[in-house]
Amino acid sequence: MWATARLLHKLSLKGKLRASPTKVSIQPQSPARTRFAPSPTGFLHLGSLRTALYNYLLAKSTGGQFLLRLEDTDRNRLVDGAEKNIYESLDWTGIVPDEGPTNGGPFGPYRQSERMHIYKRYAEQLVESGHAYKCYCSKDRLVHLRESAMALKPPTTVTYDRKCLHSPEANGQEYTVRFRSPDKYEPFTDLLHGRLDLQPQINQTDRRYDDFVILKSDGLPTYHFANVVDDHLMKITHVIRGEEWLASTPKHVAMYRAFGWQPPKFVHIPLLTSLTEKKLSKRQGDIGVLSMRDQGTLPEALTNFVALFGWAPSRPEKGKATSEVMTMDDLISKFSLDQLTKGNAKVNDNKLHFFNKSHLCARIKDPKKFDKLADESYACLKQQTKTEVSKDYYRRILREAGPNMVSVHELHTVHKYFFKEIEFEGVDVPKDTQTVLDVLKTLRNKQTAEEPFPVDAVLSKLPSLKKKNVFEAARFALTGGVPGITIPVLIDILGYDQCVKRIEKAIRFLEKS
Ligand code: GLU
């Protein structure tokens, strides 16, 4: 039971955690080597994406390197497809590792399951130096120790009685290797939270020891051990990870000391919660990165959104405008650990929509980015809807309608009239049907290919009506009443013949109803 850690967690949940305020910059002045170390136990979601992004931004903003290391030694928890999902998610969001399982690097292998020989060697080193020992205790004995520790008053999760440190009984059975933990863990500094003294709760009348396992009986290392060995060997300077790892950090620091190594600098970032401080639901962002892509989220909108969960760019100088809309290059140039925030980061979907709209608009306006966007979204549309429309036609719709949309998916969900005829049966009929009918009939008589939308001519024929009536009627016929695109633009994209057809179809429908 890590009393201080639990307390810390509670305080920070309320956003009240305050370490001694310091004005000293915590942003490194030399190139940082950072890593993202996911376990392939599920698909990458917003929380892990933020961890990866902050590590990436710290490395890139200091001219350092960002590594991807796969922590896959807990073989029972592996999930099919999770490793591929991690690569694809990082690739799509542009968080590209300088070193990692797929591109290698000077400190590989970067998949922990391929580093067993290394962990074995370092575990032996700790046994030889007296910082670790072999434990032959049976499963039953360990279960008994755990249960009896929980029954103590106060209970403790520190359970081992050090039998194998003092009188091991080898008998050729399997063994684990345990770390001989210090009597008191060393306080450590977290760059965000300050100096922390986290000690497990111990029952003094029945003394047990926090001698955690570093190598399991099958020879696989535990997370704590492999993580420390790898961070050291891979020359990691800064570890940015979720607050849930705070309570493990004293263990890690103790292992660095036992090896005589310098620990990296630690930054534990706050939890992500919904606006009401609840655990994230699927709708609020506990959703896979790739499914957000499939729903039309742009990668630069997602990284922009995620970057602001616990970080904000420094305030601009007086008189200078600032924007929260940032590309990856903007994020790299603005990122600094000094602007990390301590309270829990609240996820607000509306913000994502805002960023998606802004970045979509920027892509549409940039000719180079527009081509790529059009190619990709056209391919996606063809695959999803089997539409027959030509690419040129699609590009025109995207150019005109895109800047008003939150996501390209709205083209075929909201503006579906661009792709198929309108079935008026399912459409809300305007209240003043007769007026709509009058306008459409007049419009049909007056329009020509040269002047397809003769508003003034319609109004001089129907003097009691207003411009608004003409526009409403035309929108009903051309889009089934969907707002968003101006009528002249609609006519231009659909073409004169198609508009005539739609107006005639609408007239037939209204005459029947
Ligand atoms: N493998 C751990 C995880 O899944 C890594 C934690 C750390 O960054 O140290 O989150």
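Bear in mind the structure is a predicted one, so any value in this text is a computation, not a measurement.

Notes on the overall build of the chain
If you tally the helices and strands in the chain, you get 20 helices and eleven strands. Counting only C-alpha atoms and orienting by the principal axes, one finds that the chain spans roughly 105 × 55 × 45 Å. Here the chain has roughly 25,500 Å² of accessible surface; of this, 52% comes from carbon and sulfur atoms. Averaging the locations of the 77 positively and 61 negatively charged side chains of the chain gives two centres separated by 4 Å.

Some details on the site of the ligand
The local shell around the ligand consists of Arg 35, Ala 37, Ser 39, Glu 71, Tyr 223, Asn 227, Arg 241 and Trp 245. Interatomic distance of 2.8 Å between a side-chain N/O atom of Tyr 223 and an oxygen atom of the ligand. Contacts to the ligand include Arg 241, whose side-chain N or O atom sits 2.9 Å from an oxygen atom. Here the residues of the shell around the ligand sort into three nonpolar, two polar and three charged.

Digging into the UniProt feature "domain: Aminoacyl-tRNA synthetase class I anticodon-binding" (unreviewed entry) in the chain
Taking the UniProt record as the reference, the feature "domain: Aminoacyl-tRNA synthetase class I anticodon-binding" (unreviewed entry) is found at residues 387-507. Here residues 387-507 is 57% helix and 0% strand, with 27 Å between the C-alpha atoms at its ends.

What about the packing of aromatic side chains?
The final tally for this structure, using the stated rule, is 18 aromatic pairs. Ring pairing ties together the aromatic residues Tyr 122, Phe 225, Phe 259 and Trp 261, which thus form one cluster. Positioned above the aromatic ring of Tyr 160 is the side chain of Arg 178, whose terminal nitrogen or guanidinium carbon lies 3.9 Å from the ring centre. Here the guanidinium or amino end of Arg 399 rests over the ring plane of Phe 370, the centre of that ring lying 4.2 Å away.

Brief notes about the pattern of salt bridges
Summed over all chains, the structure comprises 32 salt bridges. Its salt-bridge partner being Arg 293, residue Glu 88 comes within 3.5 Å of it at the nearest N-O pair. With a gap of 205 residues between them, Glu 88 in helix H3 (residues 82-93) and Arg 293 in helix H9 (residues 289-294) connect regions that are remote in the sequence. For Glu 88, a relative accessible area of 30% corresponds to the partly exposed category. Asp 294 is paired through a salt bridge with Arg 293; the nearest N and O atoms lie 3.1 Å apart. Asp 294 sits in the partly exposed class, given a relative accessible area of 43%. Among the charged side chains, a salt-bridge network with shared partners connects Arg 35, Arg 69, Glu 71, Arg 115, Asp 230 and Asp 231.

A look at the sheet that holds strand S3 (residues 132-135)
Working definition: the strands of a sheet are paired by backbone hydrogen bonds and lie parallel or antiparallel to each other. Taken together, three strands build an open sheet; the order of strands is S3-S4-S7 and the sheet is antiparallel. Single-partner strands in this sheet number two, and they are S3 and strand S7 (213-215). For this sheet the average axis-to-axis angle between neighbouring strands, irrespective of direction, equals 45°.

Quick notes on the pairing of strand S4 (residues 176-179)
Neither face of S4 is left uncovered, since the one carrying Thr 176 and Arg 178 and the one carrying Val 177 and Phe 179 both have all their residues buried. When S3 meets S4, the two strands line up antiparallel, connected through four bridges. When the sheet's bridge partners are listed, Cys 135 is paired in S4 with Thr 176.

Section: the environment of Thr 297
Tracing the backbone through its elements, the reader meets Thr 297 in the loop between H9 and helix H10 (299-307). In this structure the C-alpha to C-alpha distance between Thr 297 and Met 326, which are 29 residues apart in sequence, comes to 15 Å. Discounting chain neighbours no more than four positions away, the residues touching Thr 297 are Trp 92, Met 292, Leu 302, Leu 352 and Asn 356.

Some remarks on unusual backbone geometry
What is expected of a backbone is that most residues other than glycine have negative phi and most peptide bonds are trans. A cis geometry characterises the amide bond from Gly 108 onward to Pro 109, with omega recorded as -5°. Of note, Pro 109 is situated in the loop between H3 and helix H4 (116-128). In the segment running from Lys 153 into Pro 154, the intervening peptide bond is cis, with an omega of -5°. With respect to the helices and strands, Pro 154 occurs in the loop between helix H5 (139-151) and helix H6 (163-166). Its identity is not glycine, yet Arg 162 carries a phi of approximately 65°, on the positive side.

Quick notes on the rules
- Counting starts from 1 at the beginning of each chain's written sequence and moves along it residue by residue.
- Two thresholds apply to this predicted model, a pLDDT of at least 70 for residue-level local features and 80 or more for giving and counting side-chain atom pairs, whereas whole-chain, interface and lining totals are computed over all residues.
- Note that water and hydrogens are dropped before the side-chain values are worked out from all heavy atoms of the structure.
- Working definition: helices are DSSP H or I runs of at least four residues, strands are E runs of at least two. Numbering for both runs from the N terminus.
- Where accessible areas are quoted, they stem from the Shrake-Rupley method and a 1.4 Å probe; at the residue level, only the protein chains shown are allowed to cover.
- Here Asp and Glu are counted as negative and Lys and Arg as positive; His is not counted, and neither are the chain ends.
- Taken as the charge centre is NZ of Lys, CZ of Arg, CG of Asp or CD of Glu, depending on the residue.
- Any residue with a heavy atom positioned within 4 Å of a molecule or strand is treated as near that molecule or strand.
- In protein, a polar contact means a hydrogen-donor-capable atom and an acceptor-capable atom, both N or O and within 3.5 Å, with residues adjacent in sequence counting only if both atoms are side-chain atoms; elsewhere, any N or O pair within 3.5 Å suffices.
- Ten residue types, Ala, Val, Leu, Ile, Met, Phe, Trp, Tyr, Cys and Pro, are classed as nonpolar, four, Asp, Glu, Lys and Arg, as charged, and the remainder, Gly among them, as polar.
- UniProt positions are given in the numbering used here, feature names are shortened, and annotations may be inferred rather than shown by experiment.
- In this analysis, rings of Phe, Tyr and Trp, with Trp reduced to its six-membered ring, are considered paired at centre separations within 6.5 Å, and the interplanar angle assigns stacked below 30 degrees, edge-to-face beyond 60, and tilted for intermediate values.
- Definition used: whenever NZ (Lys) or CZ (Arg) falls within 6 Å of the ring centre and also within 35 degrees of the ring normal, the charge is taken to sit over that ring.
- Whenever Lys or Arg places a side-chain nitrogen within 4 Å of a carboxyl oxygen from Asp or Glu, that contact is recorded as a salt bridge.
- Whether a residue is buried, partly exposed or exposed follows from its accessible area with a 1.4 Å probe, protein chains only, as a fraction of its type maximum: under 20%, in between, or over 50%, in that order.
- By this definition, two strands are paired if DSSP reports at least two bridges between them.
- To get an axis, a line is fitted to the C-alpha atoms, and for a helix only the part in contact is used. The angle between two axes follows their N-to-C directions and goes from 0 to 180 degrees.
- Note on contacts: a residue pair is in contact if any heavy atoms of the two residues lie within 4.5 Å.

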